[in-house]
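# Structural characterization, general
Here are the chains, one letter per residue:
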Amino acid sequence: MKLLEIQDLKKYFSTSKSFLGKSEGITRAVDGVSLSIEPEESLGLVGESGCGKTTLARMAMNIIAPDSGNVFFEGQDICCLSKEKRHALSSLMQMVFQDPFNSLDPRFSIRGILKEPMLFLSLSRYEEQKKMEELLCAVGLPQNILERFPHEFSGGERQRIAIARALAANPKLLILDEAVSSLDVLVQEQILDLLSSLKERFQITYFFISHNLRVVRRLCPKIAVMYQGRIVELGPREVILTNPLHRYTQRLLSAALSYQVQDEMSECHVFDKRQLREKQKGHFVLE
Amino acid sequence: MPSLLNISNLSISVQDNSSTRMLLENIHLDVHKDEIVALVGSSGGGKTSLGLSILRLLPEAMQITEGKIIFRDKDLLQTSLRDMQDIRGKDIAMIFQDSLSAFNPVFCIGDQIAEVLQSHAGLSRQRARERAGELLDLVEIKDVKRVAGAYPHQLSGGLRQRAMIAQAIAVSPAIVIADEPTSNLDVTIQAKILALFKKLQTQMHLSILLITHDLGVVRFVADRVVVLSQGRIVESGNARVILDAPTNDFTKQLMAATQI
Amino acid sequence: MNVHIFKKNRLAVLCLLMLGILYCSAIFADFLSPYSYDNEDRNYSYCPPMKVHFKDDDGRLSWPYIYGTSFVFDEFHKRIYTEGTTQKYFIRFFVQGDAYHLLGLIPLKRHLFGVEEKGRLHLWGADSRGRDLLSRILWGARVSLSIGLIGVLISFFFGLLIGGISGYYGGWLDNLVMRVCEMVMMVPGFYLMLALRAAFPPNLNSLQIYLLVVVIFSFIGWASLARVIRGMAISLKQREYVLAAKTMGISDMRIIFTHILPHTFFYSIVAIMLSIPGYIMGESALSLLGLGIQDPFASWGNLLSEAMGIVQIRFAPWILLPGLFIFITVICFNVVGDALRDALDPTLKAEGQK
């Protein structure tokens, strides 16, 4: 059974509203995206800022309601769930955000931050303490930091705390929204190493969203490329990296590899008519 | 060839709560005419402080304990603050990582660039605005009119960064200190901004001190590279040579982190 | 909270101490004052402050004492008090006096200081009915200082709650609440206060009046705070940690109380300190006009109502002392509030973090 299945999600935003509230322009943030993630097969989603990937991630987490389309987690439609089911779902699917400086509440101690996701697990004090220690150990942080506050830590350390928090509820799927983009390259490597080891240990599947192919290739055997709200290419990692077929993927790859970028891509007005076609086994391209 | 900017034996100390420690020790750095020098190191390592010290903009907690910064035969550390004000923006300009907070949110971009021209180059308001438009065009902004009339928060990161570059080169400085100018941007935009730097280097005979933590950037754009680790320079020289065969462990680590 | 910055401000520490003294005096007013607030003796009407002597007739140091006072009427039928020279009343400590309940629980009769039965001690003079002003000021402190505090706490509780909910949810709820706030803020506070008071019958017992005054102030005060908190909530709800909490399935109310409102405390605490004086003066104004605390109960405002005539001020200026206390209290709250703002301002933290 697929872990996460996204079917034809759409989300449009109106760009400007006239005085009476009528919208004068529409931004198609997500324009009919379908994806699926199998258990233990992490997926990387690559695209520039503004292509809609963050909106997509938030719809997958049920933070924003889609205009149309469905999201299924382990076969269940996540949009209209009862309160208990929603709590259960929140422990199965967690998110790590981009900005380590803002994703942790500065007034909460580390203990408070790690405790929050465990609220619905009904653990005793002792079990909670043990779990926190385990989590800190798993992310490579010392045990004695529970009483300290986020501002005492560096960006990389905070991101580790954010990852520990996301793991606290034993999720099966972890959505990482540009989780390493605001870190220094050396620290990025460390965090990617950490994520790699956690994948083995806790058997988590990742949905890794980034604008940089370099970051995504380590953890994700499957890569999807997004442009202007549509998926333009989807396929196994090796194929995408060695033989990208869509113009946009080629552009991203050359930017990531050698900082060379061809001229502007003109806007694709005929997107609507295009479909993802399978060129080879498992390799889809929009055309 | 004599260097445009010569930093010799610079040391900076920083006060951390109640104790003092050395942030940078015995730094030697040269920037020549028409050259892009990359200063590489990890975050918090003092690269930004080095850039700020050239313009004497260090926060109070940091002190320059020794060294000289010679620019056009003048030691900047001995120059009066009044003369420094003249140099800042006109001879040596700086662009920052966070383009949003570098601009005043209540004025539009065109006005902010024109302001630099009015105060440093003495242009009339009308002329300054025209020149601002020309500068925005020079940095490859397509819709100049829209961008000039827009407020900082209305523009995307890439456009804002270009606008910041336009403002920095407005009065044709000799050197631009660029502090992690592309770290907040997407790879594709990053690539374009770096290409812009190269273009400005040749067209305007601009020297750039590029501060970054990413060696990939260095390979693409820099002529020389200086590697900073734990407050000291561990490797420096021609970019191509060093990147092809790094000798220092830290440099090797950085190289490994940027491979695909 | 940077206690260090607060401590550096000597004036603020002094003012904080002063406020501490005032509030403690209010709590122990019944013990500290020589007489109860309604203990009157017409023989001492408008008696001037009595002089305490420390040296006896031979010029040697002696236990403090006062002389008995008597008066005669002059041609305008005004009393002229003269100090006697024979009858000495020693000031004793822990004397027996009017009965009271310390802290509302322990029945006691001892007062901190006083004089024996026949004499009357008026250190700060007496009012028209011969009631000791010092005692009445201490008792009045209870009402004036507590109304300020309780009123402020209630209105801030509502301001925070309503502002937080309104800002967090947004949409039509936010619109509605803000329009209501604006309507409340539109009416000039003082007149609203009078109007609300007038809506109730004039003859209510003292406790009811007290509660009514507290409620009226709370009603006026919440709106402006709610607006500010709502603005803060709108920007705070965009923060990523709020989003993170949502993804964990935390309920909205819990998010508001644990993630959003605590970040408004910097502002709220300072706003509280700076508005207490307004409440104290509001109560004084109401009582001055006869609409607040009534005789025989004392509040600084209603003590001042006695001083509303030029005759009284001219011939019994000590009647204005409650005004001095109001002044001191207000200044102290303002100074402490200002210093708190500096201490709590995160941008002023010494040696900031990266």
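Above: the structure in question.
No experiment lies behind these values; they were computed from the predicted model shown. (Residues numbered from 1 in each chain as written. Chains lettered and ligands numbered in written order. Predicted model: local features only at pLDDT ≥ 70, side-chain atom pairs only at ≥ 80, totals over all residues. Heavy atoms only, no water.)

## Examining the sheet that holds strand E2 (residues 61-73) of chain C
Residue and element names in this part refer to chain C. If you trace the three strands from one edge of the open sheet to the other, you get E1-E2-E3, paired in antiparallel fashion. Looking along the sheet, the strands with just one partner apiece sit at the ends: strand E1 (53-55) and strand E3 (79-90). Across the sheet, the mean angle from the axis of one strand to that of its neighbour is 40 degrees, orientation sign disregarded. (Pairing = 2+ DSSP bridges. Helix = DSSP H or I, 4+ residues; strand = E, 2+ residues; numbered from the N terminus. Axes fitted to C-alpha atoms, helices over the stretch in contact; angles between N-to-C directions.)

## Description of the pattern of salt bridges
Residue and element names in this part refer to chain B. Summed over all chains, the structure comprises 31 salt bridges over all chains. In this structure, the salt-bridge partner of aspartate 91 is arginine 72, at a minimum N-O distance of 3.3 Å. Of the two residues, aspartate 91 sits in the loop between helix H2 (81-87) and strand E6 (92-95) while arginine 72 sits in the loop between strand E4 (62-71) and strand E5 (74-75), which places them 19 residues apart along the sequence. In this structure, glutamate 134 engages arginine 131 in a salt bridge whose closest nitrogen and oxygen atoms are separated by 2.8 Å. Of this pair, glutamate 134 and arginine 131 are both found in helix H5 (residues 125-138), three residues apart, which corresponds to roughly one turn of the helix. Classification of glutamate 134 by relative accessible area gives partly exposed; the value is 36%. (Salt bridge = Lys/Arg side-chain N within 4 Å of Asp/Glu carboxyl O. Buried < 20%, exposed > 50% of the residue type's maximum accessible area, 1.4 Å probe, protein only.)

## Comments concerning the sheet that holds E4 of chain B
Residue and element names in this part refer to chain B. Taken together, the four strands give an open sheet; going across it, the order is E2-E1-E4-E5, and neighbouring strands pair in antiparallel fashion. Two strands lie at the open edges of the sheet, namely strand E2 (19-31) and E5, each paired on one side alone. Direction of pairing for strand E1 (residues 5-16) relative to E4: antiparallel, over a ladder of eight bridges. Paired with leucine 5 across the strands is phenylalanine 71, a residue of E4. Docked against the sheet, helix H1 (residues 47-54) engages E1, E2 and E4, running at close to 115 degrees with respect to E1. (Contact = heavy atoms within 4.5 Å.)

## A look at unusual backbone geometry
Residues and elements named next belong to chain A. Located in the positive-phi region is glutamate 74, a residue other than glycine, with phi close to 50 degrees. Here glutamate 74 shows up in the loop between strand E4 (68-73) and strand E5 (76-77). With phi around 50 degrees, glutamine 228 is a residue other than glycine that occupies positive phi space.

## Re the pairing of E2 of chain B
In summary, the side chains of a regular strand alternate between the two faces of the sheet. Residues and elements named next belong to chain B. Direction of pairing for E1 relative to E2: antiparallel, over a ladder of nine bridges. Each residue of the ladder has a partner; that of glutamine 15, found in E2, is threonine 20. Hairpin connection between E1 and E2: a loop of two residues separates the two successive antiparallel strands, and asparagine 17 in this loop has a positive phi of roughly 60 degrees.

## Quick word on the interface of chain A and chain B
The interface of chain A with chain B comprises 22 residues on the first partner and 24 residues on the second. Taken together, chain A and chain B are joined by one salt bridge. Close ionic contact of aspartate 214 of chain B with arginine 214 of chain A constitutes a salt bridge, the shortest N to O distance being 3.9 Å. Taken together, chain A and chain B are joined by three residue pairs in polar contact (both at pLDDT 80 or more). At the level of elements, helix H6 (185-202) and helix H9 (247-258) of chain A are the ones that each hand at least two residues to the side of chain A that touches chain B. Tallying contributions element by element places H9 of chain A first for the side of chain A that touches chain B, with six residues. For the side of chain A that touches chain B, the per-class residue count stands at nine nonpolar, six polar and seven charged. (Polar contact = N/O pair within 3.5 Å; in protein donor to acceptor, adjacent residues only side chain to side chain. Nonpolar A, V, L, I, M, F, W, Y, C, P; charged D, E, K, R; others polar.)

## What about the environment of tyrosine 168 of chain C?
Residues and elements named next belong to chain C. With respect to the helices and strands, the residue tyrosine 168 is situated in helix H4 (residues 133-169). The exposure class of tyrosine 168 is buried, given its relative accessible area of 6%. Spatially, the C-alpha atoms of tyrosine 168 and isoleucine 256 are 7.3 Å apart, while their sequence positions differ by 88 residues. Excluding residues within four positions of it along the chain, tyrosine 168 makes contact with Ala233, Lys237, Val242, Lys246, Asp252, Ile255, Ile256 and Ile260. Among the polar contacts listed, one links the side chain of tyrosine 168 to the side chain of aspartate 252, at a separation of 3.1 Å.

## Quick word on H4 of chain C
Residues and elements named next belong to chain C. In this model H4 runs 53 Å from its N-terminal to its C-terminal C-alpha over 37 residues, within 8% of the 54 Å that 1.5 Å per residue would give. Glycine 140 marks where H4 bends most, by close to 25 degrees. Where H4 begins, one side-chain oxygen reaches toward the backbone nitrogen of leucine 134, 3.4 Å away; that side chain belongs to aspartate 132. Of the residues trailing H4, glycine 170 is marked for its positive phi of about 65 degrees. (Expected span 1.5 Å × (residues − 1). Bend = angle between axes of the 7 residues up to and from the residue.)

## With respect to the packing of helix H2 (residues 10-27) of chain C against helix H13 (residues 321-344) of chain C
Residues and elements named next belong to chain C. Packing of H2 against H13 leaves a shortest axis separation of 8 Å and a crossing angle of 135 degrees. It follows from the interaxial angle that H2 and H13 lie oblique. Every pair of crossing elements has a handedness; the one defined by H2 and H13 is left-handed. Touching Leu11, Ala12, Cys15, Leu16, Met18, Leu19, Leu22 and Tyr23 of H2 are Phe325, Ile328, Thr329, Cys332, Phe333, Val335, Val336 and Ala339, all from H13. Here the contact of H2 with H13 is composed, by residue class, of 15 nonpolar, one polar and no charged. (Parallel < 35°, antiparallel > 145°, perpendicular 65-115°, else oblique. Left-handed = near helix turned anticlockwise from the far one by under 90°.)

## Observations regarding the interface of chain A and chain C
Chain A puts 22 residues into the contact, and the matching count from chain C is 18 residues. A buried area of about 1900 Å², summed over both sides, lies between chain A and chain C, and 63% of it is on carbon and sulfur atoms. The interface formed by chain A and chain C contains zero salt bridges. (Buried area = accessible area lost by both parts, 1.4 Å probe.)

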